[in-house]
Amino acid sequence: MSCQQILNHLGITSNYIGFRQTVLAVELVRQEPDLIFLVTKGLYPAVAKEYQTSWKAVERNIRSVITMAWNRNPQLIQDLAGYSMDEKPTAAQFIAILVDCE
């Protein structure tokens, strides 16, 4: 299942800015796995450059996607992660979960 399909199953559609930014973040981490350890210093700026915005806007948009997904389908996130969670995942956790799904 592709990242886009997973996001759709989580209730996130492509009309959200964060949808495309999350997909790009996942693609970048697949290409360069160490970016998952440098989310604010490497990953967000790379996505921001592509979308001509600030890294803070990217962070906010991705966190919004995570919040929406958690509110709509927390069980699917936990199923994809392979473990239970008491609270929504961090951005790095969420991206790592999506990276590991394909």
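For the structure, check the block above.
Visitor: Quick question: what am I supposed to make of the nonpolar core here?
Guide: Across soluble globular proteins, nonpolar side chains show a tendency to be buried alongside one another. Leu 7, Leu 43, Ile 77, Phe 94 and Ile 95 are the most contacted members of the largest nonpolar core, which totals 34 residues. Where this core is concerned, the elements lending two or more residues are helix H1 (3-9), helix H2 (17-31), helix H3 (39-51), helix H4 (55-72) and helix H6 (91-101). If sequence neighbours within four positions are ignored, Leu 43 has contacts with Ala 25, Leu 28, Val 29, Leu 35, Leu 38 and Ile 95.

Visitor: Looking at this model, I keep getting lost on unusual backbone geometry. Mind explaining?
Guide: The residue Gln 52 is not glycine, and still its phi comes out positive at about 50°. Relative to the helices and strands, Gln 52 resides in the loop between H3 and H4.

Visitor: I would appreciate a short explanation of the packing of H2 against H3 in the present structure.
Guide: Working note: a packed helix pair is described by the angle between its axes plus the distance between those axes. One can describe the packing of H2 onto H3 by two numbers: an axis separation of 10 Å at closest approach and a directional angle of 125°. Relative to H3, the element H2 lies oblique. Crossing of H2 against H3: the hand is right-handed. Here Arg 20, Gln 21, Leu 24, Ala 25, Leu 28 and Val 29 of H2 lie close against H3, whose contacting residues are Leu 43, Ala 46, Val 47, Glu 50 and Tyr 51. Across the contact of H2 with H3, the residue classes tally to eight nonpolar, one polar and two charged.

Visitor: What exactly am I supposed to notice about the state of the cysteines here?
Guide: In a disulfide, the sulfur atoms of two cysteines are held together by a covalent bond. Under the counting rule described, the total for this entry stands at zero disulfides. Of all cysteine sulfurs in the structure, the one in Cys 3 sits closest to Cys 101, which takes part in no disulfide; the separation is 8.6 Å.

Visitor: I keep staring at the environment of Asp 34 and nothing clicks. Help me out?
Guide: Following the sequence through the fold, Asp 34 ends up in the loop between H2 and H3. We classify Asp 34 as exposed; its relative accessible area is 52%. Counting along the chain gives 42 residues from Asp 34 to Leu 76, while the straight-line C-alpha distance between them is 26 Å.

Visitor: Honestly, H2 in this entry has me stumped. Any pointers?
Guide: Structural remark: α-helix, 3.6 residues per turn; residues separated by three or four positions point the same way. Compared with the 21 Å implied by 1.5 Å per residue over 15 residues, the 22 Å span of H2 between its first and last C-alpha is a close match. Those residues of H2 lying buried are Gly 18, Phe 19, Gln 21, Thr 22, Val 23, Leu 24, Ala 25, Val 26, Leu 28 and Val 29. Considering only its buried residues, H2 is in contact with H1, H3, H4 and H6.

Visitor: So what exactly am I meant to see when it comes to the environment of Lys 49 here?
Guide: For Lys 49, the position within the fold is in helix H3. Each C-alpha atom, one on Lys 49 and one on Ile 17, is 14 Å from the other, the two residues being 32 residues apart in sequence.

Visitor: Explanation requested: the packing of H3 against H4 in the structure shown.
Guide: Contact geometry of H3 with H4 gives a least axis separation of 8 Å together with a crossing angle of 95°. When the interaxial angle is binned, H3 and H4 end up roughly perpendicular. Together, Thr 40, Tyr 44, Pro 45, Val 47 and Ala 48 of H3 and Trp 55, Val 58, Glu 59 and Ile 62 of H4 make up the contact between the two elements. The class makeup of the residues in the contact of H3 with H4 is seven nonpolar, one polar and one charged.

What counts, and at which threshold
Residues numbered from 1 in each chain as written. Predicted model: local features only at pLDDT ≥ 70, side-chain atom pairs only at ≥ 80, totals over all residues. Heavy atoms only, no water. Core = buried A, V, L, I, M, F, W, Y, C linked by side-chain atoms within 4.5 Å. Buried < 20%, exposed > 50% of the residue type's maximum accessible area, 1.4 Å probe, protein only. Helix = DSSP H or I, 4+ residues; strand = E, 2+ residues; numbered from the N terminus. Contact = heavy atoms within 4.5 Å. Axes fitted to C-alpha atoms, helices over the stretch in contact; angles between N-to-C directions. Parallel < 35°, antiparallel > 145°, perpendicular 65-115°, else oblique. Left-handed = near helix turned anticlockwise from the far one by under 90°. Nonpolar A, V, L, I, M, F, W, Y, C, P; charged D, E, K, R; others polar. Disulfide = S-S within 2.5 Å. Expected span 1.5 Å × (residues − 1).

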